[in-house]
There are 2 protein chains.
Amino acid sequence: MNKELSYTDLNILDKSKSYLLAFSGGLDSVVLFHILIEGGYKFSAVHCNFTLRGKESDDDEFFVKHICKSAGIRCFTKRFDTAKINSKSGKSIQETARELRYKWFEELRKKYKFDSILTAHHLNDKIETFFINLIRGTGLKGLTGMPKHRDNIIRPMIDFKRSDLLAYAKKNKLEWREDSSNAKSDYLRNKLRIKIIPELAALREGFEGRMKSNIENLHSSELVLEDLLKEKLSQITLESKGGRRVIDMIRLRDEKHPEELLAAIMHSIGIQANLAKSLLEHDGSGKLFYSGKFRLLRDRNKIIIEKQSDGKLSGIKVKKVTREISLGSQSLRFEFKEWNRTKIKADDSKIQILDAGRLKFPLLIRPWQAGDAFVPLGMKQKKKVSDYLTDKKIDLFCKENCHLLLSGRDIVCILGHRIDDRYKVSDHTKTTYIIRLQNGNE
Amino acid sequence: MNKELSYTDLNILDKSKSYLLAFSGGLDSVVLFHILIEGGYKFSAVHCNFTLRGKESDDDEFFVKHICKSAGIRCFTKRFDTAKINSKSGKSIQETARELRYKWFEELRKKYKFDSILTAHHLNDKIETFFINLIRGTGLKGLTGMPKHRDNIIRPMIDFKRSDLLAYAKKNKLEWREDSSNAKSDYLRNKLRIKIIPELAALREGFEGRMKSNIENLHSSELVLEDLLKEKLSQITLESKGGRRVIDMIRLRDEKHPEELLAAIMHSIGIQANLAKSLLEHDGSGKLFYSGKFRLLRDRNKIIIEKQSDGKLSGIKVKKVTREISLGSQSLRFEFKEWNRTKIKADDSKIQILDAGRLKFPLLIRPWQAGDAFVPLGMKQKKKVSDYLTDKKIDLFCKENCHLLLSGRDIVCILGHRIDDRYKVSDHTKTTYIIRLQNGNE
């Protein structure tokens, strides 16, 4: 880590292969561009103009094209109307840009038969990502991001510090463009980059190197854990066919930590891990659980897991007679009651009260999707469900697991969060429809 | 987490049992003391006077005794001459105090048949420990410390924030003692507590709660990983008897990530994990590796691991004819050479040069132990090996794996770090003894 960066450090690359370099024109990608030239690697460059910073964006594009032309490197560029595309998506602008970028890179890779895409991420990016995921709430996997090589993406400089890149750029008298949005758009990352990580680093020499090995250690643990979980899952699985899998509770209970093991297995196949406790506790009552794309049935000594096709995912029906449904680790109870404004206090989270007269049964429960919008109670305008949850500072885990209740095409409420203004009780209400939300462990 | 702290939160405790409360007199333990009273739990208190802060220490002791007397709670107190005990140990003063404390607590627990020892650690302590271990360099295990219950220790308040404790203390008009050494003695912890963690917490609401679940998630992964590793180890073990274990390389190589798996297994049984790579790479050469209390032999399709008794651990012999030894992931080469001051440059790390005439063969290699002392090159006084390594900012992992070369009872050098002044080459030297250290992957 103390030696100078040079092309000989790119030993993950192969001179017989051809690469596509993601080339923003910033310090990191300019350094990688020059190292690739210096090392005699075969590559083309690709630059996205997201047209988000007006002239600055265009100047970046010009700068990148100019460097490529001078060096005789082919350069693909494309303009995106990112703001417009984003406005329809319910995502953050950074998310939209990232998706556009990687989608186009992959198209180019296939069309021109590049072996891999190269990005100029370095160790400090990796450390920042570690802390961002830590702050957002995560498990083992979230702490091990940005591997050197995954799928079709290679990050040849991921073990080098930003200061190594800077030293290389200065020594080789390179020019690069500073992206003004870097300093603004991502509050969390910038606060970490500029203030907090340097403070942590000052506490003990060699912080970056130690974080590198921390992340590597965690990554090893994760790889091993994943392999062993797959093996264990196959051992405790009685039946596995299509999207259906039956887990043997008797074998599971013989394990030393059945709850943690079940949670880890469920997490590894994409099911909310906190369901594990409920699944183990409820005895053979035939209780049904829903989580994301999965439907789980606790059936005596078995857990039956069914992956639902996107068609089926369209929802869980709530009929007029339905009294209770388990949703993830929560349970929902439904009740009709004559309207009597004194008796029940709705608090918009545990108890939600609707005007039953306006509901068209069967209702439907489904996860929210990009584009979903409703009129939050007390407002007149529609608002994106995604924006609503973000504004309410609902964390990522909870956000992913939010479910909607629908009547026809209308969103009646975000379960456990807020009802739609059009379905609130009013002077005209005769009967109310009361939804009570309970956590499994209450 | 938002509700008030009260004795009903101590559901990990049992009114039919009796406890020994570690009672410093600070906010945390005063709050726990009062909650235990409020909840009607059976307990005695124990206070250590480490006599490190003169009158302040004595006042603390008086304060604690006074509270206990008022409440009719038995209180054990003891004075330790901590500074004196520490001066002989080669440890930090905090380390010595902690050892004295827990040793005495455990003696009392056994003598008076307390069921468990209670400490007043809270969520912020746990979060600080997470970051301290992160900064020092760690793996999964280091990030999951301070469980609610381990061995004979229970931490009933570990899920509550310091602010919850403070609110309780204010509401109940409690008095407590501020330990002035808290604010000084542990630079790392205090910097984190006072500055960095609050800054991280300010980045996103609910930071403490999210850190709590991060640590819980990692702890679950660790529990599962440990169980699965034990099972896997038993599957790939051909023979296990006494301190000897034979691992089947053929089965190991069938695994998806053999190196990571072997590293994790070795770590779980207390062997330096970075040996895994060397063990896998060296083919059936019968090469021997040493790591801590273990001796490992790579023998064709087997890895033979022998735990050495403390007697055997006394060392690896280096005879006059010995030319190479593998030590952990490093190799050591030995050579005699006529003294010619121009030819070799010793850099005190990769190459160490000694006056061969002073050495008494066979030499001995062994891990350093508390109390070991030598005269670092260029100095006149003896210095503790432990202090030397700490001053050089050798990280914990490296420190644990440092080995010494001994001639008779003298420490000749800390391998890879520094030679003893008494064994340096001088005008009288005729022959040198040259030690070359190489990492396994160089």
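Scroll up to find the structure this text is about.
Residues numbered from 1 in each chain as written. Chains lettered and ligands numbered in written order. Predicted model: local features only at pLDDT ≥ 70, side-chain atom pairs only at ≥ 80, totals over all residues. Heavy atoms only, no water.

**Q** Whenever I open this one, the interface of chain B and chain A confuses me. Can you help?
**A** A common way to report how large an interface is uses the accessible area buried once the components associate. Residue-level contacts link 48 residues of chain B with 47 residues of chain A. Summed over both sides, the interface between chain B and chain A buries roughly 4200 Å², with carbon and sulfur atoms accounting for 66% of that surface. Where chain B packs against chain A, one counts 4 salt bridges. Two residues, B:Glu231 and A:Lys232, come together in a salt bridge whose shortest N-O distance is 2.7 Å. Applying the counting rule to chain B against chain A returns 16 residue pairs in polar contact (both at pLDDT 80 or more). Among the elements that line the side of chain B that touches chain A, the one with the most residues is helix H8 (residues 207-236) of chain B, at 18 residues. Residue classes in the side of chain B that touches chain A are distributed as 23 nonpolar, 9 polar and 16 charged. (Contact = heavy atoms within 4.5 Å. Buried area = accessible area lost by both parts, 1.4 Å probe. Salt bridge = Lys/Arg side-chain N within 4 Å of Asp/Glu carboxyl O. Polar contact = N/O pair within 3.5 Å; in protein donor to acceptor, adjacent residues only side chain to side chain. Helix = DSSP H or I, 4+ residues; strand = E, 2+ residues; numbered from the N terminus. Nonpolar A, V, L, I, M, F, W, Y, C, P; charged D, E, K, R; others polar.)

**Q** Looking at this structure, how should I read the relation of the copies chain B and chain A?
**A** One copy of the chain maps onto the second through a rotation around an axis plus a translation along that axis. Aligned on chain A, chain B shows an RMSD of 0.2 Å; the corresponding rotation is 180° and the shift along the axis is 0.0 Å. Such a turn and shift between the copies fits a two-fold axis. When C-alpha distances to the rotation axis are compared across chain B, the minimum falls at B:Leu225, with a value of 2.8 Å. In this assembly, 98% of the residues forming the interface of chain B have copies in chain A that are likewise at the interface, indicating an isologous arrangement. (Least-squares fit on C-alpha atoms with pLDDT ≥ 70 in both.)

**Q** Before we go on, may I ask you to explain the sheet that holds strand S21 (residues 418-419) of chain B in this structure?
**A** Each strand in a sheet pairs with another by means of backbone hydrogen bonds, the pair being arranged parallel or else antiparallel. Residue and element names in this part refer to chain B. Taken together, 5 strands build an open sheet; the order of strands is S12-S16-S19-S20-S21 and the sheet is antiparallel. Bordering the open sheet on either side are strand S12 (316-318) and S21, each of which pairs with just one other strand. By the bridge criterion, 4 bridges tie strand S16 (residues 363-367) to strand S19 (residues 403-407) in an arrangement that is antiparallel. Counterpart to Ile 365 in the pairing with S19 is Leu 405. (Pairing = 2+ DSSP bridges.)

**Q** Help me understand helix H1 (residues 27-39) of chain A, please; the structure alone is not making it clear to me.
**A** All names here are of chain A. For H1, spanning 13 residues, the distance from its first C-alpha to its last is 18 Å, which sits close to the expected 18 Å at 1.5 Å a residue. A large share of H1 lies buried, amounting to 10 of its 13 residues. Here H1 has its buried residues at Leu 27, Asp 28, Ser 29, Val 30, Val 31, Leu 32, Phe 33, Ile 35, Leu 36 and Gly 39. Contact partners of the buried residues in H1: strand S1 (18-22), strand S2 (42-49), helix H2 (55-71), strand S4 (116-118), helix H5 (123-136) and helix H6 (162-171). At the exit of H1 stands Gly 40, carrying a positive phi of roughly 70°. (Expected span 1.5 Å × (residues − 1). Buried < 20%, exposed > 50% of the residue type's maximum accessible area, 1.4 Å probe, protein only.)

**Q** I would appreciate a short explanation of the packing of helix H8 (residues 207-236) of chain A against H8(B) in the present structure.
**A** Each pair of packed helices can be summarised by the angle the axes make with each other and by the distance between the axes. Running from amino to carboxyl end, H8(A) crosses H8(B) at an angle of 70°, the nearest separation of the two axes being 10 Å. In terms of their interaxial angle, H8(A) and H8(B) are classed as roughly perpendicular. In this structure, H8(A) crosses over H8(B), and the sense of that crossing is left-handed. Contacts between H8(A) and H8(B) involve A:Ser221, A:Val224, A:Leu225, A:Leu228, A:Leu229, A:Glu231, A:Lys232 and A:Gln235 from the first element and B:Ser221, B:Val224, B:Leu225, B:Leu228, B:Leu229, B:Glu231, B:Lys232 and B:Gln235 from the second. Looking at side-chain class alone, the contact of H8(A) with H8(B) contains 8 nonpolar, 4 polar and 4 charged residues. (Axes fitted to C-alpha atoms, helices over the stretch in contact; angles between N-to-C directions. Parallel < 35°, antiparallel > 145°, perpendicular 65-115°, else oblique. Left-handed = near helix turned anticlockwise from the far one by under 90°.)

**Q** Teacher, can you tell me more about the pattern of salt bridges here?
**A** Opposite charge on two side chains allows them to pair when their charged atoms are near. Residue and element names in this part refer to chain A. Counted under the stated rule, the structure contains 62 salt bridges over all chains. Residue Glu 199 pairs with Lys 195 through a salt bridge whose shortest N-O separation is 3.4 Å. Of this pair, Glu 199 and Lys 195 both sit in helix H7 (residues 187-203), 4 residues apart, which is roughly one turn of that helix. Judged by its relative accessible area of 16%, Glu 199 is buried. Judged by its relative accessible area of 32%, Lys 195 falls in the partly exposed class. Asp 372 is paired through a salt bridge with Arg 366; the nearest N and O atoms lie 2.9 Å apart. Assigned by exposure class, Asp 372 and Arg 366 land together as buried. Three or more residues are tied together by salt bridges with common partners; here these are Arg 53, Glu 56, Asp 60 and Arg 177.

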